[in-house]
Amino acid sequence: MNISTNITIFGGTGDLTFRKLLPALYTMFLAGKLPAGSRIVAVGRRDYSDGAYRVLAEDWVKRFSRLPYTEERFADFAQRLVYFRMDLSNQTDYGRLDAFFAQDTVENHLFYLAVAPRYFAVITEGLKRVRGARAGKVMLEKPFGESLDAARTLNEELEGYFGPERIYRIDHYLGKEMVRNIQAIRFANPIFTDVWNARSIEAVQISALEEVGVETRGGYYDASGALKDMVQNHLFQILSIVAMERPGELSSAQMHTGQLDVLRALRPPEEYDICDTLVLGQYEGYREEPLVAADSATETFAAMRLFIDNERWRGTPFYIRTGKKTGVRQMEVSIVFRAPRPGVEPNILIIKIQPTEGVYLQFNIKRPGDTDDLIPAKMDFCQNCNLIHQLNTPEAYERLITACIAGERFWFSQWDQIELSWNYIEGLKRRHREAGLPVLPYAPGSRGPDAAQTLLGRTGRRWYE
């Protein structure tokens with residue numbers, strides 16, 4: 001049989017595969033975005049037949065598919081879905097995988113590493129036994145390593161085998177509709193394009209707050225924390241998209257260069273008063289979570305004030321905060337414009353990324369009646385409140401898998417961005433540690449430690465929601 005694109009998922013029985021990847025692939029199939037003649041091979045250690053795995057997959061697709069599930073359409077999709085049992089740590093099993101692939105003619109391989117980073121190098125070594133694998137593409141889930149040194153070593157191994165142009169590092173936030181909309185809002189609207197700078201913008205806020213705690217991810221999370229889990233990848237990516245110069249053309253190379261220029265222009269950690277720069281917190285009860293150390297000092301909340309020292313942004317603070325158990329699920333970018341005079345509310349543009357997708361704009365008008373007083377007016381556009389928009393908007397994983405198949409690298413993280421962000425966050429953490437600053441407790445349901453509010457309050461600002 002001729003297989004046009006063989007999508008192999010290492011970690012085929014994991015939560016990511018069931019909740020995100022299989023529903024995304026099913027939706028791609030319904031939308032005609034899965035290449036004709038393609039096959040999905042789910043790899044795992046558990047003992048499933050193809051039929052048993054398909055029954056399991058069907059339940060998850062029913063629950064999480066963006067487009068409607070039908071028994072008939074799933075049956076068609078399931079014909080492309082097979083299961084291969086193997087031990088990822090056993091190098092001889094990759095010989096069996098090679099023999100399995102050799103039964104058919106595979107034109108293109110795509111390997112999705114939906115596993116912990118400790119398996120990345122093991123899988124890369126094993127794929128050397130699989131004919132044609134080196135010419136394939138590989139998609140990696142974050143984190144891209146368990147430490148910066150480990151990440152560098154891993155990157156060298158991956159690039160040494162696949163080559164840098166065949167590695168697609170997933171940051172699923174880059175596939176979200178409103179993250180991709182940031183450039184359209186900024187560059188397609190002159191009312192924003194000409195004032196997107198420090199002369200007109202007083203501050204930028206990026207918030208990523210969660211209602212839940214670490215749940216079943218205590219083992220992973222306790223070794224990473226909020227800075228590594230969210231800031232150095234997702235939120236720094238969004239920061240660089242918000243702040244970058246307009247690219248000369250919408251190409252992956254120019255997008256990458258623009259983002260990298262922003263990260264390089266961040267004020268070095270050594271030049272901050274760390275007490276006024278970084279606040280770390282841990283929600284009360286975190287140490288009692290499963291797989292969390294009883295004496296853990298891992299942060300579940302982080303807030304920071306950063307500056308980009310370039311011509312466009314010099315002097316405008318960028319505030320970032322993220323945390324678990326904050327009483328709200330919310331990811332937003334708030335652009336706070338300078339008030340025209342004291343006592344007048346600033347114009348505010350809020351780009352809502354999740355769970356609501358849309359744009360909020362606050363501006364000033366005259367109060368109705370015989371008065372010249374100004375009051376704020378509010379316009380709130382909810383994009384995903386419209387059912388048609390919901391049905392027509394791909395989920396992040398649909399977008400990114402489709403882009404990888406097509407060889408489009410526009411919305412994928414590059415190694416130099418990852419390394420630069422990692423170094424920067426490590427520098428901030430080191431300054432925080434050397435200053436003897438504590439990881440502050442905060443009550444579940446609150447917006448983090450009080451010091452996170454003070455970070456803005458001392459300059460007369462507040463967090464916008």
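Along every chain, residues carry numbers that run from 1 in the direction the sequence is written. Owing to the predicted nature of the model, reporting of local features is limited to residues with pLDDT of at least 70; listing and counting of side-chain atom pairs is limited to 80 or more, with chain, interface and lining totals taken over all residues. The side-chain figures draw on all heavy atoms in the structure; neither hydrogens nor water molecules are used.

Asks: What is the right way to read the nonpolar core from this model?
Replies: Nonpolar side chains in soluble globular proteins tend to end up buried together. Residues F236 and I238 are the most contacted members of the largest nonpolar core, which totals 103 residues. Note on contacts: a residue pair is in contact if any heavy atoms of the two residues lie within 4.5 Å. If we skip the residues at most four places from it in the chain, F236 touches V231, L263, L266, L306, I320, S421, Y424 and I425. Residues grouped as a nonpolar core are buried Ala, Val, Leu, Ile, Met, Phe, Trp, Tyr and Cys residues, joined through side-chain atoms within 4.5 Å. A 1.4 Å probe rolled over the protein chains alone gives each residue an accessible area, and that area as a share of the maximum for its type sets the label: buried under 20%, exposed over 50%, partly exposed in between. Within the second largest apolar cluster, 26 residues are counted, among which are V82, F111, L113 and L140.

Asks: Would you mind going over helix α7 (residues 177-187) with me for this structure?
Replies: Residues that lie three or four places apart on an α-helix share one face, since the helix turns once every 3.6 residues. The helix count covers DSSP runs of H or I at least four residues long, the strand count covers runs of E at least two residues long, and both are numbered beginning at the N terminus. A large share of α7 lies buried, amounting to 9 of its 11 residues. Listed in full, the buried residues belonging to α7 are E177, M178, V179, N181, I182, Q183, I185, R186 and F187. Looking at the buried residues of α7, the elements they touch are α8 (190-193), α10 (225-243), α11 (252-265), β12 (348-354), β13 (358-366) and α13 (396-406).

Asks: Is there a simple way to explain the packing of α10 against helix α14 (residues 415-434) in this structure?
Replies: The axes of two packed helices give the description: the angle between them and the distance between them. All axes are obtained by fitting lines to C-alpha atoms, using only the stretch in contact for helices, and the reported angles, taken between N-to-C directions, cover 0 to 180 degrees. It is the contact of α10 with α14, at a shortest axis distance of 10 Å, that shows an interaxial angle of 130 degrees. Viewed along their axes, α10 and α14 adopt a mutual orientation that is oblique. Seen along the crossing, α10 lies across α14 with a hand that is right-handed. Residues L227, K228, V231, Q232, F236 and Q237 of α10 pack against Q417, S421, W422, Y424, I425 and K429 of α14. In terms of residue class, the contact of α10 with α14 is built from 6 nonpolar, 4 polar and 2 charged. When an angle is under 35 degrees it counts as roughly parallel; over 145 it counts as roughly antiparallel; between 65 and 115 it counts as roughly perpendicular; any other value is oblique. Rotating anticlockwise by less than a right angle from the far helix to the near helix defines a left-handed crossing, while the corresponding clockwise rotation defines a right-handed one. Under this grouping Gly is polar, as are all residues other than the nonpolar Ala, Val, Leu, Ile, Met, Phe, Trp, Tyr, Cys and Pro and the charged Asp, Glu, Lys and Arg.

Asks: I keep staring at the pairing of strand β3 (residues 81-85) and nothing clicks. Help me out?
Replies: A regular strand places its side chains on the two faces of the sheet in alternate fashion. Of all 5 residues in β3, 4 are buried, a share of seventy percent or more. When DSSP locates at least two bridges between a pair of strands, those strands are taken to pair. As paired strands, strand β2 (residues 39-44) and β3 are joined by 5 bridges and run parallel to one another. Looking across to β3, one finds that A42 is bridged to Y83.

Asks: Is there a simple way to explain the sheet that holds β2 in this structure?
Replies: The parallel open sheet is built from 6 strands, whose spatial order is β3-β2-β1-β4-β5-β6. The open sheet has two edge strands, β3 and β6 (167-169), and neither has a second partner. Each neighbouring strand pair of the sheet contributes to a mean axis angle of 20 degrees, computed without reference to strand direction. Across 8 bridges, strand β1 (residues 2-10) lies against strand β4 (residues 105-113) in parallel orientation. Looking at β4, one finds that T8 is bridged to F111. Strand contacts of helix α2 (residues 50-64): β2 and β3, with the helix running at about 120 degrees to β3, the strand carrying the most contacts.

Asks: What am I meant to see in unusual backbone geometry here?
Replies: Excluding glycine, a negative phi dihedral is what most residues carry, and trans is how most peptide bonds are arranged. A cis geometry characterises the amide bond from Q354 onward to P355, with omega recorded as -5 degrees. In this structure, P355 sits in the loop between β12 and β13. The backbone of K325 sits at a positive phi, close to 55 degrees, despite the residue not being glycine. The topology assignment puts K325 in the loop between β10 (317-323) and β11 (330-337).

Asks: How do you make sense of α11 when you look at a structure like this?
Replies: By definition here, a helix of n residues has an expected span of 1.5 Å times n minus one. When the terminal C-alpha atoms of α11 are compared, their 20 Å separation across 14 residues agrees well with the 20 Å that a helix rising 1.5 Å per residue should span. Inspection of α11 places M255, H256, G258, Q259, L260, V262, L263 and A265 among the buried residues, and these make up the whole buried set. Residues of α11 that are buried in the fold lie against α7, α10, β9 (301-307) and α14.

Asks: Honestly, the sheet that holds β11 in this entry has me stumped. Any pointers?
Replies: Two modes of strand pairing occur in sheets, parallel and antiparallel, and in both the strands are linked by backbone hydrogen bonds. Strand order across the open sheet formed by 9 strands is β14-β13-β12-β11-β7-β10-β9-β8-β15, with mixed pairing between neighbours. In the strand order of this sheet, the two ends are held by β14 (374-382) and β15 (440-442), each with one partner. Taken over all neighbouring pairs, the strand axes of this sheet differ in orientation by 20 degrees on average, direction set aside. Sheet topology places strand β8 (residues 278-283) next to β15; 3 bridges connect them, and they run parallel. Across the sheet, the residue bridging to Y283 is Y442, located in β15. Here α10 sits on the sheet and contacts β7 (201-209), β8, β9, β10, β11 and β12; the angle it forms with β10, its principal contact strand, is near 145 degrees. Where helix α15 (residues 450-457) meets the sheet, its contacts fall on β7, β8, β9, β10 and β15, and the angle it forms with β9 comes to roughly 15 degrees.

Asks: Hey, could you run me through the side chain of S224 in this one?
Replies: Structurally, the position occupied by S224 is in the loop between α9 (218-222) and α10. In terms of polar contacts, S224 uses its side chain to reach the backbone carbonyl oxygen of Y220, at 3.3 Å. For S224, the residues in contact, after removing those within four places along its chain, are D229, E299 and K429. Whenever a nitrogen or oxygen atom comes within 3.5 Å of another N or O atom, the pair is scored as a polar contact, on the condition that within protein one atom can donate a hydrogen and the other can accept it, and that pairs from neighbouring residues in sequence are kept only if both atoms are in side chains.

Asks: Even after reading the chapter, I still don't get the packing of helix α6 (residues 148-162) against α14, so can you show me in this structure?
Replies: Packing of α6 against α14 leaves a shortest axis separation of 11 Å and a crossing angle of 170 degrees. Our classification of the angle between α6 and α14 gives roughly antiparallel. Mapping the contact onto sequence places L148, A151, R152, N155 and E159 in α6 and W415, E419, W422 and N423 in α14. Its residues placed into classes, the contact of α6 with α14 shows 4 nonpolar, 2 polar and 3 charged.

Asks: Would you mind showing me how to read the packing of aromatic side chains here?
Replies: Aromatic ring pairs are defined here through the distance separating the ring centres and the angle between the ring planes. Stacked, edge-to-face and tilted are the three classes for Phe, Tyr and Trp ring pairs, Trp counted by its six-membered ring, which pair at centre distances within 6.5 Å; planes under 30 degrees apart are stacked, over 60 edge-to-face, the rest tilted. Overall, the coordinates contain 25 aromatic pairs when judged by the stated rule. Note on F74 and F77: the rings are 5.8 Å apart at their centroids and 55 degrees apart in plane angle, and the pair reads as tilted. In this pair, F74 and F77 are both assigned in helix α3 (residues 71-78), 3 residues apart and thus about one turn of the helix distant. Note on F74: relative accessible area 3%, which makes it buried. The buried category is assigned to F77, whose relative accessible area is 0%. Taking the centre distance of 6.0 Å and the plane angle of 75 degrees together, the rings of Y319 and W463 count as edge-to-face. With a gap of 144 residues between them, Y319 in strand β10 and W463 in the segment after α15 connect regions that are remote in the sequence.

Asks: Just to check I follow, could you spell out the pattern of salt bridges for this structure?
Replies: Any two side chains of opposite charge can pair, given that their charged atoms come close. By convention in these notes, a salt bridge is any Lys or Arg side-chain nitrogen within 4 Å of a carboxyl oxygen on Asp or Glu. Using the criterion set out here, one finds 24 salt bridges in the structure. We note a salt bridge from R39 to D104, for which the minimum N-O separation is 2.9 Å. A residue pair is termed long-range when its members are at least 10 positions apart, and R39 in strand β2 and D104 in the loop between α4 (93-102) and β4 qualify at 65 residues. R39 sits in the buried class, given a relative accessible area of 7%. Look at D104 and you get buried, because its relative accessible area is 18%. A salt bridge links R217 to D229; the nearest nitrogen and oxygen atoms lie 3.4 Å apart.

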